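Understanding the architecture of this molecule
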Amino acid sequence: MGYRYGVELYSVRDELAKDLLYTLKRVKEMGYEGVEFFGEFRHTAKEIKEALEETGLVCCGWHTPWNYVEDDRFDETVAYFKEIGNKYVVIPGLPAEMTNSKEAWLKTAAEFNRVAEKLKPHGMILGYHNHSSEFQSMDGELPFHILFSNTDPSVVVQMDNGNALSGGADIMDAISRYPGRARTVHLKPYKLGCEKPEDGFATMIGEDDVPWAEFMKWCSTQGATEWYIVEYESEAMYTQFEGIEKCLESLKEMESKGEI
């Protein structure tokens with residue numbers, strides 16, 4: 001069927017910090033179609049736009065600090081994203097006071113709804129990217145579900161399958177409650193059974209315990225997924241460039257064999 005692959009540039013953060021254009025060129029040469037940026041705006045929007053145009057890559061999202069969508073910076077953020085052509089405003093983490101209780105998560109959900117509504121007229125979509133902590137019980141409920149079951153269906157469920165596994169989640173059960181909301185997802189290898197949970201990331205796509213066939217099928221048939229974004233954080237086995245290249249090779253090999 002053909003999946004549209006992007007890469008989370010945090011995976012090659014050290015290379016990116018050295019040279020924006022060279023990093024994007026390498027990513028394009030590997031066969032990626034899109035890039036998801038992260039964090040603060042360290043380049044002008046003009047510089048990002050020109051680098052994307054030169055390489056032919058698409059900005060498939062930005063892991064955006066929460067304070068960038070608060071009222072005092074909202075207009076600046078929207079203007080920046082309009083210039084670079086980004087529509088996916090994905091929040092990768094939140095301040096402790098927004099996540100330290102069920103009540104806090106409910107207030108956070110209300111804030112997400114408010115910000116999502118403000119973004120709609122600009123053609124932009126708000127999302128949230130999970131880590132393992134959203135699958136640790138809080139007052140008998142999982143923060144992952146407290147958030148997404150109380151947000152507008154337009155809010156993207158950016159499932160990071162490796163992070164979810166490291167938190168003990170049943171990935172398929174977690175996302176099946178939110179059809180049509182996995183507009184972008186993160187593909188991250190994870191191996192179960194390690195003595196330390198963090199050691200589970202030192203593996204490769206196709207050699208890990210992510211239920212790839214089931215996950216990718218659900219995304220393509222029910223998740224309304226547009227972008228499959230590789231994130232490879234471990235440097236125990238490969239350099240940053242090697243890691244994301246091997247991930248893409250593994251995905252395309254599984255695809256060619258009809259395994260995903």
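Quick notes on the rules
Residues numbered from 1 in each chain as written. Predicted model: local features only at pLDDT ≥ 70, side-chain atom pairs only at ≥ 80, totals over all residues. Heavy atoms only, no water. Helix = DSSP H or I, 4+ residues; strand = E, 2+ residues; numbered from the N terminus. Rg over C-alpha atoms; globule rule 2.2 N^0.38 Å. Contact = heavy atoms within 4.5 Å. Lys, Arg positive; Asp, Glu negative; His and termini not counted. Charge placed at Lys NZ, Arg CZ, Asp CG, Glu CD. Buried < 20%, exposed > 50% of the residue type's maximum accessible area, 1.4 Å probe, protein only. Pairing = 2+ DSSP bridges. Phe/Tyr/Trp six-rings, centres within 6.5 Å; stacked < 30°, edge-to-face > 60°. Lys NZ or Arg CZ within 6 Å of the ring centre and 35° of its normal. Core = buried A, V, L, I, M, F, W, Y, C linked by side-chain atoms within 4.5 Å.

1. With respect to the overall build of the protein
What the protein contains, in helices and strands, is 10 helices and eight strands. Relative to the 2.2 N^0.38 estimate, which gives 18 Å for 260 residues, the radius of gyration of the protein is 18 Å and therefore close to what a compact globule would have. Based on the C-alpha atoms only, the size of the protein along its principal axes is roughly 45 × 45 × 35 Å. The long-range fraction of contacts in the protein, counting pairs at least 24 apart against all pairs at least 6 apart in sequence, stands at 77%. Across the protein, the mean location of the 27 positive side-chain charges is 4 Å away from that of the 46 negative side-chain charges.

2. Quick notes on the pairing of strand β1 (residues 5–8)
Both faces of β1 are covered, namely the face carrying Tyr-5 and Val-7 and the face carrying Gly-6 and Glu-8. Judged from the three bridges that link them, β1 and strand β2 (residues 34–38) form a sheet pairing that is parallel. Opposite Val-7, over in β2, you have Val-35 as the bridge partner.

3. Digging into the packing of aromatic side chains
Overall, the coordinates contain 22 aromatic pairs when judged by the stated rule. Taking the centre distance of 6.1 Å and the plane angle of 85° together, the rings of Trp-105 and Tyr-128 count as edge-to-face. Taken together, the positions of Trp-105 in helix α5 (residues 102–119) and Tyr-128 in strand β5 (residues 125–129) put the pair 23 residues apart, joining distant regions of the chain. Tyr-128 matches Trp-105 in its accessibility class, with the two residues each being buried. Its end group placed over the ring of Phe-241, Arg-26 keeps NZ or CZ at 4.2 Å from the ring centre.

4. Points about the nonpolar core
If you look at the biggest cluster of nonpolar residues, it comprises 83 residues, and the most contacted ones within it are Tyr-5, Tyr-32, Phe-37, Leu-187 and Phe-215. For Tyr-5, the contacting residues outside a window of four places in its chain are Tyr-32, Glu-33, Gly-34, Leu-187, Met-216, Trp-227, Tyr-228, Leu-248, Leu-251, Lys-252, Glu-255 and Ile-260. Counting residues in hydrophobic clusters, the runner-up holds seven residues, among them Cys-60, Val-90, Val-156 and Trp-227.

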